Amino acid sequence: MASQDISKKIYSVATAPLWHSGRTLQKNMLQTLLALLPVIAMAVYRYGYDAVEVMAWAGLTAVVTEALVQKIMKQAPSSDDFSALVDGLLFAFLLPATAPVWMVVIGSAIMIILGRMVFGGYGGSPICAPALGWAVLAISWPDFMDLNGMLLKWDLVEPLSELKYFGLDAIASVTPMSLLLGENLGALGASQALMVLVGGVYLLSRGVVRWFIPVSFLAGVIVTGLVYNLIDPQLYASPLFHLLSGSTLLAAFFLMPYPSSSPAWRLPMLLFGFFGGVMVIIIRTYGVYPDGVPFAILLANLCTPLFDLIQPKPFGGR
Amino acid sequence: MMKLRLNTSVEIKDVLQNVPAPASVRIPIQKKHKPVVKKKQIVGRGQVVAENPSKSAYGIGFVHSSIDGIVEDVLPDAIVVGPIPAPKEGEEPVVPARPEPCAELDSLANEELCRKLLELGIDTSRFHASRALIINGLNPEPGVLVSEQLVRDAQDTLKAGLQILERAIKPGTVKLVVANGKQISLHGCTTVNASDVYPATIDPLVVHAATGSERPDNVDVISISALYRVGLVAATKLPLMEAAVSVGEKVYRVPTGMPVQDLLNAAGVEHGPDWKLALNGPMRGEALSDLGVGIPENCTAVTLVRDGLYPSVQPNPCINCGECVLVCPARIQPGMLSRYAEFNMFESTRSQHVEACLECGMCTFVCPANRPVMQYLLLAKKQLAAQDEAVSTCRLQD
């Protein structure tokens, strides 16, 4: 009897559901790397070997630091999910292309240790690790992080510093098109606005990043920028300038939606993004740093638990 | 990797299929059932093999043999009925006694009729008198075609089932929920169109679609498969002895207890040790380790998935991405709850509304960290139930 023979064979079992959407962390991160490729290409085109060096050291340090700390913490190594590499690259994108290697290495290691591993690893951290790495360096070595000062060998200007220190007239010649194409000085990856936009839209289209945070973040930047611009067009830059300058777009698509540090529900995500966008303009207008984006991200991250308190009623709840 | 659609509504191509009668069956019984046959006893097709000891009209149904045969074994979870051995020389061949059609079905009503249905194998535990009745006509899960197949091919049986239910539980209103774009009517009940995208097809969400309220307490919901079982009993007046089971792209009328192996052979679908199998659909199905298991009467499908087609579940840490929150129809945070359960913080799962979980499995389906999210939630629910029971036992002893 066939059924009796078979009953001696034991089949492998799995818990329900037997189907899976097929999305894994590793695939998401590979998609993100793919989305970062045009930015990398454009950064190398603009800044040459300097950019390669910074990105390579940041990526390498991030992966190695994660592996070492995981060894100490007796965690299973997870370098093969590429999340450390992605974080390292995003961190590099925020730096000036000529940043000294020692600083890149220290920053990248601090980013992994303080931004991720002390919270248990990727996904546990309540703050966006690349933004944290940037903030530590910006406070510790402001001179080496000063985009204008570090990039003197290019005969260009950094629009946000110009706006900060010389007012609106200084950036009159900066066209939106030149901002899009990265024809001004800036952080090595973040200033390649068009390529960041391309990568971000790709991630949105593949569903790796949900639209809620990028859209509301950009809306926050535009609305607040517009309010200031309407108050006094002679004093405050146009919202379009804020949108395309500095690391606004990089933040919108890559840093703000950082999974563990952003809320999960729809309405909190929208509020979180909008709040971040508003903070960008406020810090740029009143703060001491020319580009307030990473600080705006960290501030918004700190408010994530508050936004997450806005919860819908569970199904059938009364 | 295959692109997954979670739409459940399909164009039914084939008619309802029959399978050859199995030589032996392994009829599943539940813990509450009390077997009433002994080893070596000859049973006829339709004879009771296990009873529900409770005298109530509402409960799990009696279990009947689906073939003529001899009881080979009485196990805690099944009764094995094999072929009757050939008579020895000089002996009369044994003629198993089959039960007569139950004529009483036409005359009884209300609770007595419910009790009779229970005795004929119908699970009446979810029936209540004079409530609104909602018939879930949506296919239960993607790849499970049972409901739409039965609506197309078994109209008469369904109608008979509905008529007998009207006498048994006197429902206030009857609504049939079918997929958007389908125009189906069934014995004069109101038809409601609803989304067919899983998890919209699970009972609580279908009730919501039909009534507009969440978890109303005056509504009974019954699937087309369950209605079909009632209809079979009503139409034949014989005990329930078959299930409608979806395998591959066809739906089969399967005798209860038919070994899965025999069904797969009859259906001619590819299978082997490098496949994973489950009873019922791919989202909520119960994994099978053994193809000798019999098909239970409430089974809707046998699902086959090739090993390695999907990433396997691992005890990975949650990465807080919030995908589960976005897909959860119960509007809870499965990821957070799963972490509470992972670290034995069961009281926190209670305060975070784990009881609202509808057990649809979408959280595990989308999890990019491949965590067994739903299993953590099920564990939490089970632990909380056990705690509550322990507490109430203590109170009784005071």
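Residues numbered from 1 in each chain as written. Chains lettered and ligands numbered in written order. Predicted model: local features only at pLDDT ≥ 70, side-chain atom pairs only at ≥ 80, totals over all residues.

Description of the overall build of chain A
Of the regular secondary structure elements, chain A holds 16 helices and zero strands. Relative to a compact globule of 318 residues, whose C-alpha radius of gyration would be 20 Å, chain A shows 22 Å and is just as compact. Structurally, chain A occupies a C-alpha span of about 90 × 50 × 30 Å along its principal axes. Looking at chain A residue by residue over its 318 residues, the buried ones come to 53%. A sequence separation of at least 24 residues applies to 74% of the contacts in chain A between residues at least 6 apart. (Helix = DSSP H or I, 4+ residues; strand = E, 2+ residues; numbered from the N terminus. Rg over C-alpha atoms; globule rule 2.2 N^0.38 Å. Buried ≥ 20, exposed ≤ 12 C-beta atoms within 10 Å, placed from the backbone. Contact = placed C-beta atoms within 7 Å.)

Brief notes about the overall build of chain B
Counting its regular elements, chain B contains 11 helices and 17 strands. For chain B, the C-alpha radius of gyration of 22 Å lies close to 21 Å, the compact-globule estimate for 398 residues. Overall size of chain B, expressed as C-alpha extent along the three principal axes, is 75 × 60 × 50 Å. Taking the intrachain contacts of chain B between residues at least 6 apart in sequence as the baseline, contacts between residues at least 24 apart amount to 69%.

Topic: the packing of helix 12 (residues 212-231) of chain A against helix 14 (residues 248-255) of chain A
All names here are of chain A. Two elements in contact, helix 12 and helix 14, have axes whose closest approach is 8 Å; the angle formed by their N-to-C orientations is 155°. Taken together, the axis directions place helix 12 and helix 14 in an arrangement best described as roughly antiparallel. Crossing angle aside, the handedness with which helix 12 passes helix 14 is right-handed. Contacts from Pro 214, Phe 217, Leu 218 and Val 221 of helix 12 reach helix 14 at Thr 248, Ala 251, Ala 252 and Phe 253. Residue classes in the contact of helix 12 with helix 14 are distributed as seven nonpolar, one polar and no charged. (Axes fitted to C-alpha atoms, helices over the stretch in contact; angles between N-to-C directions. Parallel < 35°, antiparallel > 145°, perpendicular 65-115°, else oblique. Left-handed = near helix turned anticlockwise from the far one by under 90°. Nonpolar A, V, L, I, M, F, W, Y, C, P; charged D, E, K, R; others polar.)

A few points about helix 11 (residues 373-397) of chain B
Residue and element names in this part refer to chain B. Taking 1.5 Å as the rise per residue, helix 11 with 25 residues should run 36 Å; its terminal C-alpha atoms sit 37 Å apart, in good agreement. For helix 11, the full list of buried residues reads Val 373, Met 374, Tyr 376, Leu 377 and Ala 380. Buried residues belonging to helix 11 abut helix 7 (323-327), helix 8 (334-342), helix 9 (346-351) and helix 10 (362-366). (Expected span 1.5 Å × (residues − 1).)

Considering the domain arrangement of chain B
Residue and element names in this part refer to chain B. Entries for chain B in the domain assignment read domain 1 (21-84), domain 2 (123-236), domain 3 (248-306) and domain 4 (323-397). A straight line from the C-alpha centre of domain 2 to that of domain 4 covers 29 Å. If you look at the interface, domain 2 gives four residues, while domain 4 gives four residues. (Domains from an automatic or database assignment.)

What to know about the sheet that holds strand 2 (residues 25-28) of chain B
Note on sheets: strands pair through backbone hydrogen bonds, and any given pair is parallel or antiparallel. All names here are of chain B. The strand order across the open sheet formed by four strands is 2-8-7-4, and the pairing between neighbours is antiparallel. The sheet is open, and its two edges are formed by strand 2 and strand 4 (42-43), each paired on a single side. Note: strand 2 against strand 8 (residues 78-82), four bridges, orientation antiparallel. The partner of Pro 28 across the bridge, within strand 8, is Ala 78. (Pairing = 2+ DSSP bridges.)

Thoughts on the interface of chain B and chain A
Taken together, the contact between chain B and chain A spans 56 residues of the former and 39 residues of the latter. Within the residue set of the side of chain B that touches chain A, elements represented by two or more residues are helix 6 (260-267), strand 15 (275-279), strand 16 (286-288), strand 17 (301-306) and helix 10 of chain B. Looking at the side of chain B that touches chain A residue by residue, the class counts come to 32 nonpolar, 15 polar and nine charged.

Digging into the sheet that holds strand 15 of chain B
All names here are of chain B. Ordered in space as 1-14-13-17-15-16, the six strands form an open sheet in which the pairing is mixed. Edge strands, defined here as strands with exactly one partner in the open sheet, are strand 1 (17-18) and strand 16. Here strand 1 runs beside strand 14 (residues 250-255); their pairing, made up of two bridges, is parallel. In the sheet register, Gln 17 faces strand 14, and the bridge partner there is Tyr 252.

A few points about the packing of helix 8 of chain B against helix 11 of chain B
Residue and element names in this part refer to chain B. Packing of helix 8 against helix 11 brings their axes to within 8 Å, and their N-to-C directions diverge by 60°. Put simply, helix 8 runs oblique to helix 11. The element helix 8 and its partner helix 11 pack so that their crossing is left-handed. Taken together, the residues of helix 11 that come into contact with helix 8 (itself represented by Pro 334, Gly 335, Leu 337, Ser 338, Tyr 340, Ala 341 and Glu 342) are Val 373, Tyr 376, Leu 377, Leu 379 and Ala 380. In terms of residue class, the contact of helix 8 with helix 11 is built from nine nonpolar, two polar and one charged.

Thoughts on the environment of Ser225(B)
All names here are of chain B. Relative to the assigned elements, Ser 225 resides in helix 5 (residues 224-236). Residue classification places Ser 225 among the buried residues on the basis of 23 C-beta atoms within 10 Å. Along the chain, Ser 225 and Ile 135 lie 90 residues apart, while their C-alpha atoms are 9.8 Å from each other. Sequence-distant contacts of Ser 225, that is, excluding residues within four places in its chain, are made with Val 146, Ser 147, Leu 150, Ala 244 and Thr 300.

Points about the confidence of the model for chain B
Do not read the fine detail of predicted coordinates wherever pLDDT is low. Residues and elements named next belong to chain B. Of the residues in chain B, 99% reach a pLDDT of 70 or more, and the chain-wide mean stands at 88. Considering each helix and strand of chain B separately, the mean pLDDT is smallest for strand 16, with a value of 87, and largest for helix 8, with 93. Overall fold confidence (pTM) sits at 0.88, and the ipTM for the predicted complex is 0.86. (pLDDT = per-residue confidence, 0-100.)

Looking at unusual backbone geometry
Look at the link from Ala16(A) to Pro17(A): it is a cis peptide, with omega at -5°. Looking at the secondary structure, you find Pro17(A) in the loop between helix 1 (2-6) and helix 2 (25-47). Omega for the peptide link from Tyr198(B) to Pro199(B) comes to 10°, which places this bond in the cis form. Residue position: Pro199(B) is located in the loop between strand 11 (190-194) and helix 4 (203-211). Of note in the backbone geometry, Ser130(B) takes a positive phi value of approximately 50° without being a glycine. The residue Ser130(B) is located in the loop between helix 1 (110-119) and strand 9 (132-136) in this model. With 11 C-beta atoms packed within 10 Å, Ser130(B) lands in the exposed category.

Some remarks on the pairing of strand 9 of chain B
All names here are of chain B. With respect to burial, strand 9 is a largely interior element, four of its five residues being buried. Here strand 9 pairs with strand 12 (residues 219-223) via five bridges, running parallel. What sits directly across from Ile 135, in strand 12, is Ile 222. Judged from the four bridges that link them, strand 9 and strand 10 (residues 174-179) form a sheet pairing that is parallel. If you follow Ile 135 over to strand 10, its bridge partner there is Leu 176.

Section: the pairing of strand 5 (residues 48-51) of chain B
Residues and elements named next belong to chain B. Judged from the two bridges that link them, strand 3 (residues 34-35) and strand 5 form a sheet pairing that is antiparallel. Bridge pairing links Pro 35 to Ala 50 in strand 5. The sheet contact formed by strand 5 and strand 6 (residues 63-64) spans two bridges and is antiparallel. Across the sheet, the residue bridging to Ala 50 is Val 63, located in strand 6.

Here we look at the environment of Gly292(B)
Residues and elements named next belong to chain B. Mapped onto the elements of the fold, Gly 292 is located in the loop between strand 16 and strand 17. By the C-beta count within 10 Å, which is 22 here, Gly 292 ends up buried. Through-space distance from the C-alpha of Gly 292 to that of Asp 262 is 8.5 Å; in sequence the pair is 30 residues apart.

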